[in-house]
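Now for the letters of each chain:
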Amino acid sequence: MNLVPYDEWRASALDPAFSEWLRSGAEPEWTAVVGHPFAASITRGDVPDDDMRRYLIQDFQFVDSFTALLGAAVASADSFESRVPFGRFLGETATTEEKTYFHRALDALGVAPADLTSPDLEPVTTDFRALMDEARTSLDYPIILAVLCVAEWSYLGWASRAEEPLPENFVHREWIDLHEGPVFRAWVAFLRGELDRLGPALDEDGRLRVLDVFHRAVRLELRFFDMAAGF
């Protein structure tokens with residue numbers, strides 16, 4: 001993890017945004033996530049069904065923790081203007097489009113309901129849910145933002161690499177669509193913008209706490225893709 005203080009780092013950075021400091025401080029894991037072979041296989045549509053099934057079953061186990069984390073963002077945000085995008089995303093995406101996709105995709109992959117609701121959890125799934133719950137219970141807005149930003153920005157990172165034509169199989173194509181496009185890009189820009197707004201006003205200890213959580217989340221994203229790929 002890059003421990004160069006933010007004020008020192010931004011003096012010579014091409015992009016002095018706080019979120020960029022967080023991202024650069026999470027290298028090389030960040031680049032490994034957005035360029036992961038498993039993610040690249042999704043964009044090509046050639047992930048074997050067994051691997052995609054395992055990946056989506058485990059990913060579905062984050063829905064409840066992620067939804068609760070969004071609720072904590074609504075509660076801990078420092079203004080009404082900041083609360084609104086979280087409420088909108090919570091209502092329009094986390095509980096509708098994405099959840100509907102999971103049920104349709106996993107049904108197409110032959111997953112029984114019981115296998116979806118109470119599977120054996122992979123260690124990385126347990127660890128990632130624990131980090132989400134840690135951030136949620138902290139009610140520390142920048143910490144919550146750090147976890148949300150990694151989850152969404154890193155997925156935009158790999159999904160934006162997909163080339164046309166997208167895969168014909170909706171299991172792959174719609175998973176890409178959920179993490180790309182103008183609406184999702186605006187959502188990621190909002191999360192980054194909130195970190196960019198708040199980060200410079202934190203003291204150095206506060207900045208390092210946010211960086212630590214951001215880096216932990218990136219490492220978990222990498223472990224999650226490694227699990228899905230069977231590494």
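What comes next is a walk through the structure. (Residues numbered from 1 in each chain as written. Predicted model: local features only at pLDDT ≥ 70, side-chain atom pairs only at ≥ 80, totals over all residues. Heavy atoms only, no water.)

1. Side note on the packing of helix H9 (residues 123–138) against helix H13 (residues 204–229)
Inclusion rule: Axes, fitted as lines to C-alpha atoms, cover a helix only where it is in contact. Angles between the N-to-C directions of the axes lie from 0 to 180 degrees. Helix and strand assignments follow DSSP, with helices taken as H or I runs no shorter than four residues and strands as E runs no shorter than two, numbered in order from the N terminus. When an angle is under 35 degrees it counts as roughly parallel; over 145 it counts as roughly antiparallel; between 65 and 115 it counts as roughly perpendicular; any other value is oblique. The sense of a crossing depends on the near helix, which, turned anticlockwise from the far helix by less than a right angle, makes the crossing left-handed and, turned clockwise, makes it right-handed. Any two residues whose heavy atoms approach within 4.5 Å are treated as being in contact. Charged means Asp, Glu, Lys or Arg here, nonpolar means Ala, Val, Leu, Ile, Met, Phe, Trp, Tyr, Cys or Pro, and polar covers whatever is left, Gly included.
In contact at an axis separation of 9 Å, H9 and H13 are set at 155° when each is read in the N-to-C sense. The orientation of H9 with respect to H13, classified from their angle, is roughly antiparallel. When you trace H9 past H13, the crossing you get is left-handed. On the side of H9, the interface is formed by Pro123, Val124, Thr125, Asp127, Phe128, Leu131 and Glu134, while H13 contributes Val213, Arg216, Ala217, Leu220, Glu221, Arg223, Phe224 and Met227. For the contact of H9 with H13, a count of residues per class yields 9 nonpolar, 1 polar and 5 charged.

2. Thoughts on the packing of helix H6 (residues 63–76) against helix H10 (residues 141–159)
Put simply, H6 and H10 touch, their axes get as near as 10 Å, and they point 140° apart. Regarding the angle of H6 to H10, the classification is oblique. When you trace H6 past H10, the crossing you get is left-handed. Of H10, the residues touching H6 (which contributes Phe66, Leu69, Leu70, Ala72, Ala73 and Ser76) are Tyr141, Ile144, Val147, Leu148, Ala151 and Glu152. Partitioned by chemical class, the residues of the contact of H6 with H10 number 10 nonpolar, 1 polar and 1 charged.

3. A closer look at the pattern of salt bridges
Applied cut-off: Think of a salt bridge as a Lys or Arg side-chain nitrogen and an Asp or Glu carboxyl oxygen that are within 4 Å of each other. Buried, partly exposed and exposed residues are distinguished by accessible area as a fraction of the type maximum, computed with a 1.4 Å probe on protein chains only: under 20%, between the cut-offs, and over 50%, respectively.
Applying the stated rule across the entire model yields 17 salt bridges. Here aspartate 7 makes a salt bridge to arginine 10, at a shortest N to O gap of 3.2 Å. Here the residue aspartate 7 and the residue arginine 10 both occupy positions in helix H1 (residues 6–10), the gap between them amounting to 3 residues, near one helical turn. Across the salt bridge formed by aspartate 133 and arginine 136, the nearest N and O atoms sit 3.8 Å from each other. Taken together, the residues aspartate 133 and arginine 136, both in helix H9 and 3 residues apart, mark about one turn of the helix. Classification of arginine 136 by relative accessible area gives partly exposed; the value is 28%. Members of the salt-bridge network, linked through shared partners, are Asp7, Arg10, Glu204 and Arg207.

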